[in-house]
Amino acid sequence: MISEAVTVPADGSAIAGDLVIPPQARGMVLFAHGSGSSRHSPRNRAVAAALQNAGLGTLLMDLLTEEEERVDAVTAEHRFDIGLLAGRLVAAVDWLGENPAAAGLPVGLFGASTGAAAALVAAAERPGRVQSVVSRGGRPDLADEALGRVQAPVLLIVGGDDREVLRMNRDAAEQLRTPHRLHVVPGATHLFEEPGALEEVAEVSCAWFLRPGGYGSEDAWQ
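The model shown is predicted, which means the values in this text are computed figures rather than measured ones.

Thresholds applied
Residues numbered from 1 in each chain as written. Predicted model: local features only at pLDDT ≥ 70, side-chain atom pairs only at ≥ 80, totals over all residues. Heavy atoms only, no water. Salt bridge = Lys/Arg side-chain N within 4 Å of Asp/Glu carboxyl O. Helix = DSSP H or I, 4+ residues; strand = E, 2+ residues; numbered from the N terminus. Buried < 20%, exposed > 50% of the residue type's maximum accessible area, 1.4 Å probe, protein only. Pairing = 2+ DSSP bridges. Axes fitted to C-alpha atoms, helices over the stretch in contact; angles between N-to-C directions. Contact = heavy atoms within 4.5 Å. Core = buried A, V, L, I, M, F, W, Y, C linked by side-chain atoms within 4.5 Å. Phe/Tyr/Trp six-rings, centres within 6.5 Å; stacked < 30°, edge-to-face > 60°. Lys, Arg positive; Asp, Glu negative; His and termini not counted. Polar contact = N/O pair within 3.5 Å; in protein donor to acceptor, adjacent residues only side chain to side chain. Expected span 1.5 Å × (residues − 1). Arc of directions from axis to C-beta.

## Notes on the pattern of salt bridges
Tallied over the entire structure, the rule returns ten salt bridges. Arg45 is the partner of Asp18 in a salt bridge, and the nearest nitrogen-oxygen pair spans 2.4 Å. Here Asp18 is found in strand 2 (residues 13-21), whereas its partner Arg45 is found in helix 1 (residues 42-53), with 27 residues between them in sequence. You can call Asp18 buried: its relative accessible area is 15%. Notably, a salt bridge pairs Glu164 with Arg167, separated by 2.4 Å at the nearest N-O pair. Residue Glu164 and its partner Arg167 are located together in helix 5 (residues 163-173), separated by three residues, close to a single helical turn. Among the charged side chains, a salt-bridge network with shared partners connects Glu125, Glu145 and Arg149.

## Here's the deal with the pairing of strand 4 (residues 57-61)
The buried count for strand 4 comes to five of five residues, which makes it a mostly enclosed element. For strand 2 and strand 4, the ladder comprises four bridges, and the chain directions are antiparallel. Looking at the pairing, Gly17 lines up with Met61 of strand 4. Looking at chain direction, strand 3 (residues 28-32) and strand 4 are connected through five bridges and run parallel. By the bridge assignment, Leu30 is partnered in strand 4 with Leu59.

## What about the sheet that holds strand 3?
Read from one edge of the open sheet, eight strands run 1-2-4-3-5-6-7-8, paired in mixed fashion. Whereas interior strands pair on both sides, the edge strands pair on one side only; in this sheet they are strand 1 (2-10) and strand 8 (180-185). Strand after strand, the sheet turns through a mean of 20° between neighbouring axes, direction not considered. The strands that helix 3 (residues 82-98) touches are strand 1, strand 2, strand 3, strand 4, strand 5 (107-112) and strand 6 (130-136); relative to strand 1, the one it contacts most, it runs at about 125°. Each of strand 3, strand 5, strand 6 and strand 7 (154-159) touches helix 4 (residues 114-125); the most contacted strand, strand 5, lies at about 150° to it.

## Overview of the nonpolar core
By size, the foremost hydrophobic cluster in this structure holds 49 residues, and its most contacted members are Leu19, Leu30, Leu59, Leu89, Leu96, Leu109 and Val133. The element contributing the most residues to this core is helix 3, with eleven residues. Dropping the residues within four chain positions of it, Leu59 is found in contact with Val6, Gly17, Asp18, Leu19, Met28, Val29, Leu30, Phe31, Ala92, Trp95 and Leu96. Residues Phe31, Val185, Ala197 and Phe209 belong to the second largest nonpolar core, which totals 23 residues.

## Some remarks on the packing of aromatic side chains
Tallied over the entire structure, the rule returns one aromatic pair. When the ring of Phe31 is compared with that of Phe110, the centres are 4.8 Å apart and the planes differ by 35°; the resulting orientation is tilted. Here Phe31 is found in strand 3, whereas its partner Phe110 is found in strand 5, with 79 residues between them in sequence. A single burial state applies to Phe31 and to Phe110, both of which are buried.

## Some details on the side chain of Arg136
With respect to the helices and strands, Arg136 occurs in strand 6. For Arg136, which is buried and forms no salt bridge, the nearest opposite charge comes from Asp162, at a distance of 8.4 Å. Separated by 3.2 Å, the side chains of Arg136 and Asn44 make a polar contact. Each residue touching Arg136, except ones within four places of it in the same chain, is listed here: Arg43, Asn44, Phe110, Gly111, Ala112, Ser113, Ile157, His190, Phe192, Leu198 and Val201.

## A word on helix 1
Turn by turn, an α-helix covers 3.6 residues, leaving residues three or four places apart pointing in a common direction. With twelve residues, helix 1 extends 16 Å between its outermost C-alpha atoms, agreeing within 8% with the 16 Å of an ideal straight helix rising 1.5 Å per residue. Of the positions making up helix 1, those classed as buried are Asn44, Val47, Ala48 and Leu51. When helix 1 is viewed along its axis, its buried side chains cluster within an angular range of 105° and face the same direction. In this structure, helix 1 carries Pro42 and Asn53 as exposed residues pointing more than 90 degrees from its buried face. Contacts from the buried residues of helix 1 go to strand 3, strand 4, strand 5, strand 6 and helix 6 (197-210). In the stretch just after helix 1, Gly55 is the one whose phi turns positive, near 95°.

Now the structure itself:
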């Protein structure tokens with residue numbers, strides 16, 4: 001088991017991350033958290049633990065530097081900068097490809113809230129590397145024209161009581177040209193804090209990433 005704090009270089013900045021790779025890992029999942037959150041998000045860490053138990057490696061990373069986080073806490077100028085966030089994810093995907101422990105493993109992305117938009121843009125920018133995407137309570141609408149360029153299969157997970165985000169996800173799904181599915185967690189709100197809601201997110205995410213053929217990609221997750 002590899003479990004270590006890492007630093008990912010991205011556009012001249014140093015981005016902090018936590019890398020976990022279980023023995024005989026079957027793939028890697030890179031997490032992109034939402035606005036105002038961090039790699040320490042208990043929700044993303046709960047999902048990451050479930051993926052690790054299923055034999056998948058994970059990389060949870062902060063998409064902003066410490067200085068950018070301080071500025072954003074006051075001005076909120078970075079949290080919706082999807083281009084910036086996606087660029088950091090692309091850098092992390094490339095970094096994983098050069099990491100000896102992860103280089104040969106397929107890569108998936110798990111994005112929450114605004115991080116889901118960044119994950120979709122990054123998937124569109126790295127179609128040969130990103131082989132599966134999961135969005136949890138995401139804002140895929142913020143990916144704009146990149147939605148039509150995504151080639152990786154996409155799972156959109158939304159709480160049934162998160163009505164405005166559910167509408168946004170339904171609209172975004174119509175723009176996807178790749179295999180995709182919208183999974184609604186009944187009774188769940190945006191943060192999936194209801195009993196059993198986050199467990200359902202983890203379960204369907206594991207099934208998506210580990211599905212034979214990556215749900216539409218011939219080479220993914222086999």
